[in-house]
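The lines below spell out each chain.
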Protein chains: 2
Amino acid sequence: MVGQVRHNAEEWFKELRGKLVSTLEGHESVQFKEKKWNHAGKGGGLMSIIKGDLIEKGGVNISTVSGKFSDKMKERIPGAKEDPSYWATGISVVLHPNNPNIPSMHFNTRYLSTTQTWFGGGIDITPCLEFEKEAQNFHNNLKSMCDKHDNDYYPKFKKWCDEYFFIKHRNEPRGVGGIFFDYLNEGDSLSEFQFVKDVGLFFHDYVDNILKKNKDKTWDDNDKKKQFIKRGRYVEFNLLYDRGTKFGLETGGNVDAILMSMPPQASWK
Amino acid sequence: MVGQVRHNAEEWFKELRGKLVSTLEGHESVQFKEKKWNHAGKGGGLMSIIKGDLIEKGGVNISTVSGKFSDKMKERIPGAKEDPSYWATGISVVLHPNNPNIPSMHFNTRYLSTTQTWFGGGIDITPCLEFEKEAQNFHNNLKSMCDKHDNDYYPKFKKWCDEYFFIKHRNEPRGVGGIFFDYLNEGDSLSEFQFVKDVGLFFHDYVDNILKKNKDKTWDDNDKKKQFIKRGRYVEFNLLYDRGTKFGLETGGNVDAILMSMPPQASWK
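Scoring rules and cut-offs
- Residues numbered from 1 in each chain as written.
- Chains lettered and ligands numbered in written order.
- Predicted model: local features only at pLDDT ≥ 70, side-chain atom pairs only at ≥ 80, totals over all residues.
- Heavy atoms only, no water.
- Helix = DSSP H or I, 4+ residues; strand = E, 2+ residues; numbered from the N terminus.
- Rg over C-alpha atoms; globule rule 2.2 N^0.38 Å.
- Buried < 20%, exposed > 50% of the residue type's maximum accessible area, 1.4 Å probe, protein only.
- Contact = heavy atoms within 4.5 Å.
- Areas by Shrake-Rupley, 256 points an atom, 1.4 Å probe, with all protein chains shown as cover.
- Lys, Arg positive; Asp, Glu negative; His and termini not counted.
- Charge placed at Lys NZ, Arg CZ, Asp CG, Glu CD.
- Least-squares fit on C-alpha atoms with pLDDT ≥ 70 in both.
- Expected span 1.5 Å × (residues − 1).
- Arc of directions from axis to C-beta.
- Pairing = 2+ DSSP bridges.
- Axes fitted to C-alpha atoms, helices over the stretch in contact; angles between N-to-C directions.
- Parallel < 35°, antiparallel > 145°, perpendicular 65-115°, else oblique.
- Nonpolar A, V, L, I, M, F, W, Y, C, P; charged D, E, K, R; others polar.
- Buried area = accessible area lost by both parts, 1.4 Å probe.
- Salt bridge = Lys/Arg side-chain N within 4 Å of Asp/Glu carboxyl O.
- Polar contact = N/O pair within 3.5 Å; in protein donor to acceptor, adjacent residues only side chain to side chain.

Novice: Any chance you could explain the overall build of chain A here in plain terms?
Specialist: Check the secondary structure of chain A and you find 8 helices and 10 strands. The globule rule puts the C-alpha radius of gyration for 269 residues at 18 Å, and the 18 Å found for chain A is close to it. Taken along its principal axes, the extent of the C-alpha atoms in chain A is 55 × 40 × 40 Å. When each of the 269 residues of chain A is scored for burial, the buried share is 57%. In chain A, once contacts between residues fewer than 6 apart in sequence are set aside, the share between residues at least 24 apart is 67%. Total accessible area on chain A is roughly 12,400 Å²; 48% of this is exposed by carbon and sulfur atoms. For chain A, the centre of its 39 positive side-chain charges and the centre of its 37 negative side-chain charges are spaced 4 Å apart.

Structure, rendered in structure tokens:
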């Protein structure tokens, strides 16, 4: 059973990666550059980076890795205390558009297996200009998608996202939120897998639509300055607080894949 | 005795601040903007920021603060376990020049007093283009200055600097080093204070000279790109590893003063 979910999850992340890359390349005149990398334990990943006219810098990374958690790590991971062996597969995407009218967009989903198994992931967006109405639509649609699976998902995962993507030292959120979930294992891995698939498809469609909708909106130097400052905050969050970044750098992960999320250009006042 | 050193150190940092500000303004057509800030305990500081043609972004900060360390902090600070009260005065400078032929320059010196007292500080530079000969000169001159005080200083403090300003996840140094020292209290606070003064004067003269020498050197777009990438690494170091930044943000210090060191513009590949 676990073996089947592992296989299906890995295949789905590959399929979703193909779909996202294809859609994004459809908007651009350039293609993604691919780079395979090996994990220190077993397995590895495929990192794809695009530097286009619309997506100033974007990365799509999939990986399937396994190994044994360190003594320090195994205390923090469900089911790893008994046996430190882990197996994980996932997809992670960060898009930094050139046009300040389009938010930076972040998405990931993953499946982990120790002596326990669970799904985790999320979607969130970081606009740099006025985006209130757009953000409300984004949240309404996200709620509808979540409600199809479980009425508790949206309020719980929205709250988790707001709490997680918060820049403490500035007392401000990183963006306008979205959903964030982890340790999703309440018994029915099939329906949870279906939710994870829908999160991925939601992200795909959101990206496709917002690019179509806002790509021709004009902006001025001042808007670009605001974008650079907002991206500076993004950098602060990722280096100071993001668990994945800290975990990856501390455990000697692939630096390029971990820091794929860094914006192409950022500034500080 | 401690009271006298406190007073003299504070006065010296003020004097040095005036000297640095005056010299830097002499190179620029704009002036520093000043901003006073209050410490959560007692005291506060004066932060001065310049955004000039030569110094794209530069900050000079002096502060004199006192308070009581938290239970967590007092374990890590010499002499604070017995009594958590502290008094500290210092000066901190970061300069990010526009011309990629001039390195980013960092300097600070401070005097701390708990049930023990000590000086700390350092100078280091971060070039982004070929700088080998210049860096060698910088180190030779730094060594001469140190040797006037103690032959052990330069080798010991250079090593400390190399170890401290190292970007572990990239396995590369932040820049070309300099000196870094802390807990300088080997009995003769007068001669140590004299060393701290000389470190400040050395920095002042180095900045003045390198600006004069390299300000008219030309550069191209590619050099500027290299500078932005190098500044990205500078950001990574400061947010991931710098003790002062981490300490400041964790203890609710003045965010603007703590992040004064951030470059005006940085980029990631």
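Novice: What exactly am I supposed to notice about the relation of the copies chain B and chain A here?
Specialist: With an RMSD of 0.0 Å, chain B superimposes on chain A once it is rotated by 180 degrees and translated 0.0 Å along the axis. Here the two chains are linked by the operation of a two-fold rotation axis. The C-alpha atom lying nearest the rotation axis in chain B is that of Ala266 of chain B; the distance is 2.7 Å. Residue by residue, 100% of the interface of chain B is reproduced at the interface of chain A, so both copies engage with the same surface.

Novice: Explanation requested: helix H3 (residues 132-147) of chain A in the structure shown.
Specialist: For an α-helix the count is 3.6 residues per turn, leaving residues at separations of three or four pointing the same way. All names here are of chain A. Helix length check: H3 (16 residues) gives 22 Å between terminal C-alpha atoms against 22 Å at 1.5 Å per residue, within 8%. Taken together, the buried positions of H3 are Glu134, Ala135, Phe138, His139, Leu142, Met145 and Cys146. Buried residues of H3 fall within an arc of 135 degrees about the axis and therefore sit on the same side. Exposed side chains of H3 directed beyond 90 degrees from the buried face belong to Glu132 and Lys133. Among the structural elements, strand S6 (117-126), helix H4 (153-164), strand S9 (178-184) and helix H5 (189-214) are those in contact with the buried residues of H3.

Novice: When you look at the pairing of S9 of chain A in this model, what are you seeing that I'm missing?
Specialist: For a regular strand, the rule is simple: side chains alternate between the two faces of the sheet. All names here are of chain A. In terms of residue burial, S9 counts as a mostly covered element, since 6 of its 7 residues are buried. Here S6 runs beside S9; their pairing, made up of 5 bridges, is antiparallel. Paired with Gly122 across the strands is Phe180, a residue of S9.

Novice: Quick question: what am I supposed to make of the packing of H3 of chain A against H4 of chain A here?
Specialist: Working note: a packed helix pair is described by the angle between its axes plus the distance between those axes. All names here are of chain A. Running from amino to carboxyl end, H3 crosses H4 at an angle of 130 degrees, the nearest separation of the two axes being 8 Å. Compared by their axis directions, H3 and H4 come out oblique. Only Tyr153, Tyr154 and Lys158 of H4 make contact with H3, whose side of the interface consists of His139, Leu142, Lys143, Cys146 and Asp147. Looking at the contact of H3 with H4 residue by residue, the classes come out as 4 nonpolar, 1 polar and 3 charged.

Novice: Which parts of the structure should I look at to understand the sheet that holds strand S2 (residues 42-50) of chain A?
Specialist: Within a beta sheet, neighbouring strands are joined by backbone hydrogen bonds and run either parallel or antiparallel to one another. All names here are of chain A. Across the sheet, which stays open at both edges, the 7 strands sit in the order S1-S2-S3-S4-S5-S6-S9 with antiparallel pairing between neighbours. Edge strands, defined here as strands with exactly one partner in the open sheet, are strand S1 (33-38) and S9. Mean inter-strand twist for the sheet, computed between neighbouring axes without regard to direction, equals 10 degrees. Inspection of the sheet shows strand S4 (residues 85-97) paired to strand S5 (residues 104-113) by 9 bridges, in the antiparallel sense.

Novice: Quick question: what am I supposed to make of the side chain of Glu236 of chain B here?
Specialist: Tracing the sequence through the fold places Glu236 of chain B in helix H6 (residues 221-240). Its relative accessible area of 0% is what places Glu236 of chain B among the buried residues.

Novice: Can you help me understand the interface of chain B and chain A in this one?
Specialist: A common way to state how big an interface is: give the accessible area lost once the parts meet. Between chain B and chain A, the residue contacts involve 21 residues of the former and 21 residues of the latter. Buried surface at the junction of chain B and chain A, summed over both partners, amounts to about 1,900 Å²; 64% is from carbon and sulfur atoms. At the junction of chain B and chain A, the tally comes to 0 salt bridges. For the pair chain B and chain A, the interface holds 5 residue pairs in polar contact (both at pLDDT 80 or more). Sorting the residues of the side of chain B that touches chain A by element identifies H6, helix H7 (243-250) and strand S10 (265-267) of chain B as the ones contributing at least two each. Take the side of chain B that touches chain A: its biggest share by element is 5 residues, from H6 of chain B. Its residues assigned to classes, the side of chain B that touches chain A shows 12 nonpolar, 3 polar and 6 charged. In the sheet, strand S10 (residues 265-267) of chain A pairs with S10 of chain B via 3 bridges, with the strands oriented antiparallel. Opposite Ala266 of chain A, over in S10 of chain B, you have Ala266 of chain B as the bridge partner.

Novice: Please clarify how the pairing of S2 of chain A should be interpreted in this entry.
Specialist: Residue and element names in this part refer to chain A. Counted residue by residue, S2 has 7 buried out of 9 residues, so it is predominantly covered. Relative to S2, S1 runs antiparallel, the two being bridged by 6 bridges. When the bridges of S2 are listed, Lys36 appears paired with Leu46. Joining the antiparallel neighbours S1 and S2 is a turn of 3 residues. Pairing of S2 with strand S3 (residues 55-68) involves 9 bridges; the strand directions are antiparallel. Of the residues in S3, the one forming a bridge with Met47 is Asn61. With antiparallel pairing between neighbouring strands as the criterion, S2 and S3 make up a hairpin whose turn holds 4 residues.

No statement about biological role is implied by the geometric values presented.
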